[in-house]
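# Residue-level structural notes
Next come the chains, spelled out residue by residue.
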Amino acid sequence: HYGPWRSTTNDVVRQAVIPLTRKAHGGVAFATVLGSDSAPAKCMVTHTWSNLFVDLVAAVLADAIGSDEYASIATSLAAGEHEDLANELQAKDMFHESYWICAFCINQHANICGGFGPEPLPGTAAHER
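My aim in this report is to walk through the structure given alongside it, one point at a time. As the structure is a computational prediction, the values presented were derived from the model and not from experiment.

### As for the packing of aromatic side chains
- Under the criterion given, the structure shown has 2 aromatic pairs.
- Between Phe30 and Phe104 the ring centres are 5.8 Å apart and the planes differ by 50 degrees, which places this aromatic pair in the tilted class. Here the residue Phe30 occupies a position in helix H2 (residues 30–34), and Phe104 occupies one in helix H6 (residues 102–105), the gap between them amounting to 74 residues.
- An aromatic cluster of at least three residues, connected via ring pairs, comprises Phe30, Phe53 and Phe104.

Structure, rendered in structure tokens:
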């Protein structure tokens, strides 16, 4: 289950993105499931699979609102304080801006499902990270 101060991008992809995008014969990208007609991405975001997912989201939001730091945004996200962030995105006309993140835009069934390695066993220290 998701925990903002322990769940990595790898965890979110394995536990949410892949199950939500599974089809009878493989799967599709999460962006395909959303069926968005959004404009081309404003920015391509790079990340590491082992970083906290909340930090990835906070960094994207920091860029969108023009902040030089993301730690306070990560803290707000982890606390469930989304309303102020949404209002700030609206005020800066960035609420519907697109960012390209491979975890959502690439079919993970064609990538990590076949070669990223297995999920660590539940109950192990590796799984807890």
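### Digging into the pattern of salt bridges
- The final tally for this structure, using the stated rule, is 1 salt bridge.
- A salt bridge links Asp63 to Lys42, with the shortest nitrogen-to-oxygen separation between them at 3.5 Å. With Asp63 in helix H3 (residues 53–65) and Lys42 in the loop between H2 and strand E3 (43–45), this residue pair connects regions lying 21 residues apart in the sequence.
- Of the residues examined, Asp63 reaches a relative accessible area of 37% and is grouped as partly exposed.

Quick notes on the rules
Residues numbered from 1 in each chain as written. Predicted model: local features only at pLDDT ≥ 70, side-chain atom pairs only at ≥ 80, totals over all residues. Heavy atoms only, no water. Phe/Tyr/Trp six-rings, centres within 6.5 Å; stacked < 30°, edge-to-face > 60°. Helix = DSSP H or I, 4+ residues; strand = E, 2+ residues; numbered from the N terminus. Salt bridge = Lys/Arg side-chain N within 4 Å of Asp/Glu carboxyl O. Buried < 20%, exposed > 50% of the residue type's maximum accessible area, 1.4 Å probe, protein only.

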